[in-house]
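# A closer look at the structure
So you can see what is in the structure, the chains are spelled out below.
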Amino acid sequence: MTSAGKPVLLVLSAATVVLFAVASFLPDARLWGFNHLAFFAPPLRLALLALVALCFIPAFARLLLEGFLSATSWLTRPGRTATMTLVVISIAAVAVFWFLRMGTPLLGDGHLLAKSYTAAQDGNDQLIPSNMSNILRAERIAIGTTILNHWTGRLAHQLTGASWVNGWRFLYCVLGGAFVWLLFSMLRSRGWTPMARLWLLALVLFSPLMELFFGYIENYTPLLFFLLLYVGSAVRALQLRGSVVGPVMLLLICVFLHVQALVFLPSLAFLVMWRSSKQPERFAENRLPWVLVAVMAAGVGVAW
């Protein structure tokens, strides 16, 4: 990356940390997706924020990087042992997600969605999730996810007698295991540098998004799985190991699942421009920081 691009990334990183810190103490502010630390006890909240701040110190960050590389060295080892380890981790993740699932839908629209699906199961045909006709006519934000939830709930109820909501929650726990498997499978593939592995794991596996797989009642969980597929496909296209068609189709699926996937349009535009550029490496050095700015601005705009 050029010297001009590094300050932009540094400012973006610092701004994100500041946003998390502010949201951690203002849970009622309109900062959804950034205010998860507000639900922890103050000592733990301050300790986590201090740890993030320490990561801006090069010596401390280097120490963490060395520990990460040592802990994840098995990912790059060929053979059945690493593959079986990944399978076991993924299956265990499903069990962890289910047995530690959220007991009460306090966050987001969870309570409202749970009541809506329960009423639809009880025969209220005026609600959006009660039938396909209502979904296609009235749903505007998460059409694909609502269709998936509707049929998952009906199938779970018919096969096991479980409520629509519990069928939906179990599906999300299974998606969590598939998400873990997909993430580590991507990191095992060639083309990922140690720093790229670190960034992907840090931004995905240790983000607040993972709590969505703990039986969280919301409309974003299927979107997360397909967004990870999109990222993997986009990286393959950037490395000239795949076509741009794959990322385009996957992002369309993501938008069908939830319109907030539109925030990834700048990344798709960058991918298309990269593939059409005569000097892609130079193009990336000069344009990547500004693509990140565009993604952040698009995210704020959609959320607001």
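This write-up is about the structure you can find in this document. (Residues numbered from 1 in each chain as written. Predicted model: local features only at pLDDT ≥ 70, side-chain atom pairs only at ≥ 80, totals over all residues. Heavy atoms only, no water.)

### Here we look at the packing of aromatic side chains
For any pair of aromatic rings, the description rests on two quantities: the centre-to-centre distance and the angle between the ring planes. All chains considered together, the criterion is met by eight aromatic pairs. When the centroid spacing of 5.4 Å and the interplanar angle of 85° are considered together, the rings of W98 and F170 count as edge-to-face. Remark: F170 occurs in helix α8 (residues 164-188) and W98 occurs in helix α4 (residues 80-99); sequence separation between them is 72 residues. Taking the relative accessible area as the measure of exposure, W98 reaches 21% and is therefore partly exposed. According to the relative accessible area criterion, F170 is partly exposed, its value standing at 44%. With a centroid separation of 6.1 Å and 85° between ring planes, the pair formed by Y230 and F264 is classed as edge-to-face. (Phe/Tyr/Trp six-rings, centres within 6.5 Å; stacked < 30°, edge-to-face > 60°. Helix = DSSP H or I, 4+ residues; strand = E, 2+ residues; numbered from the N terminus. Buried < 20%, exposed > 50% of the residue type's maximum accessible area, 1.4 Å probe, protein only.)

### Some details on the layout of surface pockets
Using a probe with the size of a water molecule, rolled over the atoms, empty space left in the structure can be pinpointed. For the second largest pocket, the calculated volume is near 160 Å³. Contributing to the lining of the second largest pocket are L205, F206, S207, P208, M210, E211 and F214. Taken together, the residues of the lining of the second largest pocket break down into five nonpolar, one polar and one charged. (1 Å grid on protein atoms, 1.4 Å probe; cavity = no way out; pocket = protein on both sides within 12 Å on 5 of 7 lines; lining within 4 Å. Points joined across faces, edges and corners; volume = space filled by probe spheres on them. Nonpolar A, V, L, I, M, F, W, Y, C, P; charged D, E, K, R; others polar.)

### Notes on a nonpolar patch on the surface
A surface patch of nonpolar side chains, about 470 Å² in accessible area, is lined by F40, L44, L48, L51, L54 and I57. Relative to the elements of secondary structure, F40 occurs in the loop between α1 (5-25) and α2 (42-54). We classify F40 as partly exposed; its relative accessible area is 40%. (Patch = residues over 30% accessible without salt bridge, like charges linked within 9 Å, V, L, I, M, F, W, Y side chains within 5 Å. Areas by Shrake-Rupley, 256 points an atom, 1.4 Å probe, with all protein chains shown as cover. Salt bridge = Lys/Arg side-chain N within 4 Å of Asp/Glu carboxyl O.)

### Section: the environment of W151
Within the secondary structure, W151 is located in helix α7 (residues 143-160). With a relative accessible area of 46%, W151 lands in the partly exposed category. The spacing of W151 and M132 is 19 residues in sequence and 9.3 Å in space, taken between C-alpha atoms.

As far as function goes, none of this settles anything; it's purely spatial.
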